[in-house]
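Descriptive structure summary
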Amino acid sequence: MAWRDWVRTAEVEPSLYAADFARLGEQITHLLNAGARVFHFDIGDGHFIEPVTIGPVVLQSISSLIHEAGGVIDCHLMVDDPEHHFEQVKRAGGDSVTFHVEVSEEPWKTIKAARDLDLGVGVAFNPETEVEQAVEASLGADLVLCMSIHPGYSGQEFMPESLWRIRQLRRQLSESLFVQVDGGLTAENLHDVRKVGADLIVAGSAVFGMEDLPRAYRRLVKALDDPA
């Protein structure tokens, strides 16, 4: 199985960093029942980004629940040394890893390291990084992640200039690669993001910040094709 098997035209990925960790399994089950199949899992090391976030121990505790329901886990590594974490992520049940171009001098080697472990792989880039740098680094990857906020904290507002960057990314990127967007996405702006070329929509607060998680997820899925 690979990304082409996981994506149903486009996907809304609930971002587990924004979940209520006292009810994590329960919330994941509600979203699986609502139709979610790709879950976004953020790992931060306290260096590349300021906060230390959730890691392999949490990943291992939920991976069976997601896999048994036919879901997959897309791990976003906001870390200085991504290759160091690949094997731990794989053992804990991660299905794909995304690393930041800003920390990889030889992206092709980082991509190969993920492939050697039979992991999917993506390349992420921050708002200050040129689109062209991410495109050049993407050879052999499955996706490119355009950050529409500064990574590290959930709940930030979408940066409007990201629409131009997403459009440029889609125009320059191989058609075989997915465009992923992460940060500040809501039912109100998701249609515009989809229209300029995004395939994978990472949503944290727009899902977990709502009282009714299944309803919030379904609203975002509907907004992929219909303006809110």
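Above: the structure in question.
Residue numbers run consecutively from 1 along every chain, following the written order of its sequence. Totals for whole chains, interfaces and linings use all residues, but because this is a predicted model, local features are given only for residues with pLDDT of at least 70 and pairs of side-chain atoms are given and counted only at 80 or more. Heavy atoms throughout the structure, all of them, feed into the side-chain values; hydrogens and water do not.

**Describing the pairing of strand β8 (residues 200-203)**
The alternating pattern of β8 places Leu-200 and Val-202 and Ile-201 and Ala-203 on opposite faces, both of which are buried. Crossover handedness is defined by viewing with both strands directed away from the observer: a clockwise path from the first strand over the helix to the second marks the crossover as right-handed. Only runs of H or I of at least four residues qualify as helices and only runs of E of at least two qualify as strands under DSSP, and these elements are numbered from the N terminus. On the question of chirality, the crossover connecting strand β7 (residues 178-182) to the parallel β8 by way of helix α8 (residues 190-195) is right-handed. Note on exposure labels: buried denotes an accessible area under 20% of the residue type's maximum, exposed denotes more than 50%, and partly exposed covers the range between, all computed with a 1.4 Å probe on protein chains only.

**Concerning the pattern of salt bridges**
Here a salt bridge means any side-chain nitrogen of Lys or Arg lying within 4 Å of a carboxyl oxygen belonging to Asp or Glu. In this structure the tally under the stated criterion is 11 salt bridges. Between Arg-8 and Glu-11 there is a salt bridge, with its nearest N and O atoms 2.7 Å apart. Its relative accessible area of 44% is what places Arg-8 among the partly exposed residues. Residues Glu-87 and Arg-91 are paired through a salt bridge, measuring 3.4 Å at the closest nitrogen-oxygen approach. Here Arg-91 and Glu-87 lie together in helix α4 (residues 83-92), a separation of four residues that amounts to about one turn.

**Here's the deal with the nonpolar core**
Only buried residues count toward a nonpolar core, which is a set of Ala, Val, Leu, Ile, Met, Phe, Trp, Tyr and Cys residues joined through side-chain atoms within 4.5 Å. With 64 residues, the main nonpolar core has Phe-41 and Leu-169 as its most contacted residues. Looking at which element gives the most residues to this core, the answer is helix α2 (residues 24-34), with five residues. In terms of nonpolar packing, the next biggest core, distinct from the first, is built from 12 residues, Trp-3, Ala-124, Leu-143 and Leu-200 among them.

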